[in-house]
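Reading the structure
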Amino acid sequence: MSTVGSFITGYSLLDQSEITLRNYPYPFIKNNVYNDLYIVIPSTYEPESYAAANKIAQSLKETKSLLPKIVSTEEVPQGEHNLILVGNPCSNKLISNELNTNKCIITENGMLKLINHEMSSTLVITGNLEKAARALSNYRNYPLRGDTVVVSGTESLTLTYF
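Note that the structure is predicted; figures quoted are calculated from it, not measured.

1. A closer look at the pairing of strand β5 (residues 37–41)
Within β5, 5 of the 5 residues are buried, which leaves it mostly tucked inside the rest of the structure. Burial of β5 is two-sided: the residues L37, I39 and I41 facing one way and the residues Y38 and V40 facing the other way are all buried. Summarising the sheet, β5 and strand β6 (residues 69–72) pair through 4 bridges and their orientation is parallel. Bridging across to β6, V40 finds its partner in V71.

Next up, the structure:
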């Protein structure tokens, strides 16, 4: 069980399996603090991976003095953590494990995929990282729901839910 309600205060119980993207930024922020959160980029990352991770980190910072930790796949500590994974299955082994594939996802669309585990959640950001990060970092303007969102469009983004 996890607490959720106001993303700042977190006051009601929510089973881990009930968490969807509608609850974002929960479970990554709980009671107005980072909830054991790591934003993970590939060890040999390309500039767009870091730019997407940084955009997401900036959007989560809000009133906090520090950004959430952006680390490489090798720097994630052992144990259960809430993770936002940025990149592609062929370059980020944690994404490959979560999506059960090592094939590159090459598309002009971005994808957000929330995967809930027993005690933690993982959010995969893949495909067109700029579009996916833009939608996620502007979560107040783009209504998120479900566990998978495909982000398309150019100037104005279109979200498709699965």
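2. With respect to the sheet that holds strand β7 (residues 82–86)
Judged by pairing direction, the sheet is mixed, and its 7 strands sit side by side in the order β6-β5-β7-β9-β8-β10-β11 without closing on themselves. Every other strand in the sheet has two partners, leaving β6 and β11 (157–161) as the edge strands with one partner each. Across this sheet, the average inter-strand angle for adjacent strands is 20 degrees, counted without regard to direction. Across 4 bridges, the pairing between β7 and strand β9 (residues 121–127) is parallel. The residue bridging L83 from the neighbouring strand is T122, located in β9. Running over the sheet, helix α1 (residues 47–61) touches β5, β6, β7 and β9 and is turned about 160 degrees from β5. Against the sheet, helix α3 (residues 129–137) makes contact with β7, β8 (110–116), β9, β10 (148–153) and β11, and its axis sits at roughly 135 degrees relative to β9, the strand it touches most.

Rules used in this analysis
- Residues numbered from 1 in each chain as written.
- Predicted model: local features only at pLDDT ≥ 70, side-chain atom pairs only at ≥ 80, totals over all residues.
- Heavy atoms only, no water.
- Buried < 20%, exposed > 50% of the residue type's maximum accessible area, 1.4 Å probe, protein only.
- Helix = DSSP H or I, 4+ residues; strand = E, 2+ residues; numbered from the N terminus.
- Pairing = 2+ DSSP bridges.
- Axes fitted to C-alpha atoms, helices over the stretch in contact; angles between N-to-C directions.
- Contact = heavy atoms within 4.5 Å.

Any link to function would need more than the numbers given here.
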